[in-house]
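Survey of secondary and tertiary structure
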Amino acid sequence: MKQIIIPLPPFQRGFHLITRIIEQQLPSLPEAGLLNLFIQHTSAGLAINENADPLVRHDLESTFNKLIPENQPWYRHNSEGSDDMPAHTKSLITGTSVNIPIVHKKLGLGTWQGIYLCEFRNHAGSRTIVATVID
Amino acid sequence: MKQIIIPLPPFQRGFHLITRIIEQQLPSLPEAGLLNLFIQHTSAGLAINENADPLVRHDLESTFNKLIPENQPWYRHNSEGSDDMPAHTKSLITGTSVNIPIVHKKLGLGTWQGIYLCEFRNHAGSRTIVATVID
Amino acid sequence: MKQIIIPLPPFQRGFHLITRIIEQQLPSLPEAGLLNLFIQHTSAGLAINENADPLVRHDLESTFNKLIPENQPWYRHNSEGSDDMPAHTKSLITGTSVNIPIVHKKLGLGTWQGIYLCEFRNHAGSRTIVATVID
């Protein structure tokens, strides 16, 4: 069992590929195991999705904004700005954690898979991830 | 590896903070590890979200009801009431399981994070969670 | 720690119960533990949901198609067909991985729970799952 804290630099609102940032900070990985990445925030999320075409991330941002719109009259938690409550909802939908198998000392991602930071706030600071390696 | 069953008391339909209920029943935690909580039901979910303002839970309930409405003409699984099929869909979206890193013998939640029971049925009974501690 | 690759046969677009397929290929399970199933694709997902009534799977397919419609004018990633970008979004919402506790050498699923392959492409080939057993 190895566990490290990975501080991310601040990112703009949107979906961002962070596979390289994560891989560069991971300790040496076991022959077989499981990596859990957990983001310690309630207005951002982690996910696995397409790693090649930036337009996928663009379309995810557009689609999530249509799905969970801002400024709805039924929102009551809105003291921190119009992006606040939608950010909590989007975070709940994407989830705060991903699990990735470790296969032959590497992340067992499929050919087209990458790790995403889903940043749902307009002006977020840096986010903190706890990485736990189970062997 | 430790594993226990955590029976929850019945909750009303809605999003509920259950961090204290879970923590009170967990066994002693290792210095570093991972906690998996798994709810053994298909019309409720588990999630991590904001722990401070009850209005966040209120707005999540409103938003999920708008997102996955009841009484849609295309529903065919509706023998158990109008809340039944939406409950399955919401459960699939939130997920049945959360993973939380264990850091220095405590849950490694962020400052604003709590554990949610997402109860999607109008008149649900008690729900059962399997808690697995990996070290 | 045991890890195996489970190749699935091709499935039609929709939500499919694959509990038996998974169980038949799993190695012998420990008294207590955790199973992680990870799908190495970005246009399909894994989930846990109702195992009894096929109409639940039918209604999930209808609901997801309403929630994440095809042919929206704001999609920019659309070179692989109208089902492509929605498939990525649906995969992000369902998630690529499920964790199931292992209880008394069996999967600790609830009475009504089963493992779902969520196939979001119209003409997908076979999908690959990495199964990791932690004890």
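**Some details on the packing of helix H3 (residues 84-94) of chain B against helix H2 (residues 54-67) of chain C**
Between H3(B) and H2(C), whose axes approach to 10 Å, the crossing angle comes to 70 degrees. In terms of orientation, H3(B) lies roughly perpendicular with respect to H2(C). The handedness of the crossing between H3(B) and H2(C) comes out as right-handed. Along the contact surface, H3(B) presents Met85(B), His88(B), Thr89(B), Leu92(B) and Ile93(B), while H2(C) presents Val56(C), Asp59(C), Leu60(C), Thr63(C), Phe64(C) and Leu67(C).

**Notes on the side chain of Glu119(B)**
Residue and element names in this part refer to chain B. Positionally, Glu119 belongs in strand E7 (residues 113-119). A distance of 3.0 Å separates a polar atom in the side chain of Glu119 from the backbone nitrogen of Arg121. Here the side chain of Glu119 touches Arg127 through a polar contact of 2.8 Å, side chain to side chain. For Glu119, the residues in contact, after removing those within four places along its chain, are Phe11, Gln12, Arg13, Gly14, His16, Ser43, Ala44, Ala124 and Arg127.

**Considerations on the packing of aromatic side chains**
Within this structure, the stated rule accounts for 15 aromatic pairs over all chains. Taking the centre distance of 6.2 Å and the plane angle of 15 degrees together, the rings of Phe64(B) and Phe120(B) count as stacked. With Phe64(B) in helix H2 (residues 54-67) and Phe120(B) in the loop between E7 and strand E8 (128-134), this residue pair connects regions lying 56 residues apart in the sequence. Of the two residues examined, Phe64(B) and Phe120(B), each falls in the buried class. Taking 5.3 Å as the distance between ring centres and 65 degrees as the angle between the ring planes, the aromatic pair formed by Phe15(C) and Phe64(C) counts as edge-to-face. Here Phe15(C) is found in strand E2 (residues 14-17), whereas its partner Phe64(C) is found in helix H2, with 49 residues between them in sequence.

So, how was this worked out
- Residues numbered from 1 in each chain as written.
- Chains lettered and ligands numbered in written order.
- Predicted model: local features only at pLDDT ≥ 70, side-chain atom pairs only at ≥ 80, totals over all residues.
- Heavy atoms only, no water.
- Axes fitted to C-alpha atoms, helices over the stretch in contact; angles between N-to-C directions.
- Helix = DSSP H or I, 4+ residues; strand = E, 2+ residues; numbered from the N terminus.
- Parallel < 35°, antiparallel > 145°, perpendicular 65-115°, else oblique.
- Left-handed = near helix turned anticlockwise from the far one by under 90°.
- Contact = heavy atoms within 4.5 Å.
- Polar contact = N/O pair within 3.5 Å; in protein donor to acceptor, adjacent residues only side chain to side chain.
- Phe/Tyr/Trp six-rings, centres within 6.5 Å; stacked < 30°, edge-to-face > 60°.
- Buried < 20%, exposed > 50% of the residue type's maximum accessible area, 1.4 Å probe, protein only.

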